[in-house]
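Spelled out, the chains give:
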Amino acid sequence: MRVKYVLNEVLVGLWRNVTMTIAMIITMSVSLFMLGASVLLYMQVDQMKDYYYGNIQVSVFLNDDVTDAQKATIDQAIESSNLVIDKQYESKEDALKRFQKLWADSPDFVNAINADSLPESYRVKLSDPEKYEQFAKVIEELPGIRQIIDQRELLEKVFEIFNAIQLGALGVAIFMAFAALLLVGNTIQVAAYSKRREVAVMKLVGASNWFIQAPFVLEAVVAGIIGAILGFIILFAGKVVMLDNKLQALTTILTPIPNGNVWLMLPLLAGVGSLVSAVTAWITLRFYLKV
């Protein structure tokens, strides 16, 4: 009988303050969506770092007038280095083919470039990318070398941007969560005020604080769970519609987000939404309404 009463009071409470309940659910869903997006982005950046740093290369570009003897010396120096685990020579013709493939969507640009415009190069993979400077010192003074580029430096700048986006999403999530907390507390106060006479009668007949507080706390928890589900739906739809379709071309840069990682967000968002709502409601009732 008590359980039935509590559940009935939860439904009545949600419907009695329907506009505030809807506002609370919407705010909660947006904040939880941003939280899920920032967690997914955090996981994705770590995955991208593992992928790209694991395949990072050092590009050794040669002068246009490099001689066969100089190329042989450079090749021997790279081959004999104990820091190198793989190397690939790329001729001007190979460089042109790769260029044409990368810029296939810009035929006018491709037609303006010929093999003589691109340098020969070596693509070198190191056993430890952090030892780039040690490797560069060995070969940078050799004749015939135009430039040595460490891809790690370029990637670090890219990941700095991703990290900034990551922190920005988390900041927005925290801001929206604060707004949701205020709405939860305000909604619970209004609900308790509208039932102040019933609460007073229940206290007079000896009802426990838990029994009095339970409907209000569960009301907030239900709103939090609904907000979490809506936030997850937006997150999953955004992943399917945007990343898997509209922005599919970015998969050449961004590693794909597994659906399994997205589904992990559902219990996370539901847990956070229900816990935060329950704690906020309990604190509101205990310290502001003196229930």
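Computed from a prediction, not measured in an experiment: that's the story for all the values here.

1. Side note on the sheet that holds strand E4 (residues 145–150)
Okay, step 1: Strand order in the open sheet formed by four strands is E2-E3-E1-E4, with antiparallel pairing between adjacent strands. The strands lining the two open edges of the sheet, one partner per strand, are strand E2 (84–90) and E4. In this sheet, neighbouring strand axes are inclined to one another by 15° on average, regardless of whether the strands run parallel or antiparallel.
Okay, step 2: Where E2 lies against strand E3 (residues 121–126), six bridges are found, and the strand directions are antiparallel. Counted as the bridge partner of Lys87 is Val124 from E3.

2. Quick word on the pairing of E3
Okay, step 1: Most of E3 is tucked away, with five of its six residues classed as buried.
Okay, step 2: Summarising the sheet, strand E1 (residues 58–62) and E3 pair through four bridges and their orientation is antiparallel. Looking across to E3, one finds that Phe61 is bridged to Ser121.

3. Thoughts on the packing of aromatic side chains
The way to describe two aromatic rings as a pair is by their centre distance and the angle between their planes.
Okay, step 1: All told, the structure shown has four aromatic pairs when counted by the stated rule.
Okay, step 2: On the basis of an interplanar angle of 40° and a centroid distance of 5.9 Å, the ring pair of Phe232 and Phe236 is categorised as tilted. Taken as a pair, Phe232 and Phe236 lie in helix H9 (residues 209–246) at a separation of four residues, close to a single helical turn.
Okay, step 3: The class of Phe232 is buried, set by a relative accessible area of 6%.
Okay, step 4: Overall, the relative accessible area of 22% leaves Phe236 in the partly exposed class.
Okay, step 5: Between Phe232 and Trp263, the ring centres sit 5.1 Å apart and the planes meet at 45°, which makes this aromatic pair tilted. Separated by 31 residues along the polypeptide, Phe232 in helix H9 and Trp263 in helix H10 (residues 259–287) bring together distant segments of the chain.

4. Examining the confidence of the model for the protein chain
Okay, step 1: Averaged over all residues, the pLDDT of the protein chain is 76; the fraction at 70 or higher stands at 76%.
Okay, step 2: Taken element by element, the predicted model of the protein chain shows its lowest mean pLDDT in helix H1 (residues 2–16) (57) and its highest in helix H3 (residues 68–80) (87).

5. A short note on the nonpolar core
Okay, step 1: Ranked by internal contacts, the top residues of the largest apolar core, which has 23 residues, are Leu40, Val184, Ile188, Val217, Met265 and Leu269.
Okay, step 2: Looking at this core, the elements with two or more residues in it are helix H2 (18–54), helix H7 (151–194), H9 and H10.
Okay, step 3: Setting aside anything within four residues of it in sequence, one finds Val184 in contact with Met24, Met28, Ala220, Ser277, Thr280 and Ala281.
Okay, step 4: Residues Val60, Val84, Leu126 and Ile145 belong to the second largest nonpolar core, which totals 18 residues.

6. Regarding H3
Okay, step 1: Over its 13 residues, H3 runs 18 Å from end to end, which matches the ideal 18 Å to within 8%, given 1.5 Å per residue.
Okay, step 2: Those residues of H3 lying buried are Lys71, Ile74, Ala77 and Ile78. Along the long axis of H3, the arc covered by the buried residues comes to 125°, so they all point the same way. What points out from H3, more than 90 degrees from its buried face, is the exposed set Asp68, Ala69, Glu79 and Ser80.
Okay, step 3: Residues of H3 that are buried in the fold lie against E1, E2, E3, helix H6 (132–139) and E4.

7. Here's the deal with H6
Okay, step 1: Among the residues making up H6, those that are buried are Tyr132, Phe135, Ala136 and Ile139. Summarising the axial view, the buried residues of H6 lie within an arc of 100°, below the 170-degree limit, and thus occupy one face. Along H6, exposed side chains directed more than 90 degrees from the buried face belong to Glu133, Lys137 and Val138.

8. Quick look at the side chain of Glu90
Okay, step 1: Within the secondary structure, Glu90 sits in strand E2.
Okay, step 2: At a separation of 3.2 Å, a polar atom in the side chain of Glu90 contacts the side chain of Arg123.
Okay, step 3: Setting aside its immediate chain neighbours within four residues, Glu90 contacts Ala95, Arg98, Glu120, Ser121 and Arg123.

The rules we used
- Residues numbered from 1 in each chain as written.
- Predicted model: local features only at pLDDT ≥ 70, side-chain atom pairs only at ≥ 80, totals over all residues.
- Heavy atoms only, no water.
- Pairing = 2+ DSSP bridges.
- Helix = DSSP H or I, 4+ residues; strand = E, 2+ residues; numbered from the N terminus.
- Axes fitted to C-alpha atoms, helices over the stretch in contact; angles between N-to-C directions.
- Buried < 20%, exposed > 50% of the residue type's maximum accessible area, 1.4 Å probe, protein only.
- Phe/Tyr/Trp six-rings, centres within 6.5 Å; stacked < 30°, edge-to-face > 60°.
- pLDDT = per-residue confidence, 0-100.
- Core = buried A, V, L, I, M, F, W, Y, C linked by side-chain atoms within 4.5 Å.
- Contact = heavy atoms within 4.5 Å.
- Expected span 1.5 Å × (residues − 1).
- Arc of directions from axis to C-beta.
- Polar contact = N/O pair within 3.5 Å; in protein donor to acceptor, adjacent residues only side chain to side chain.

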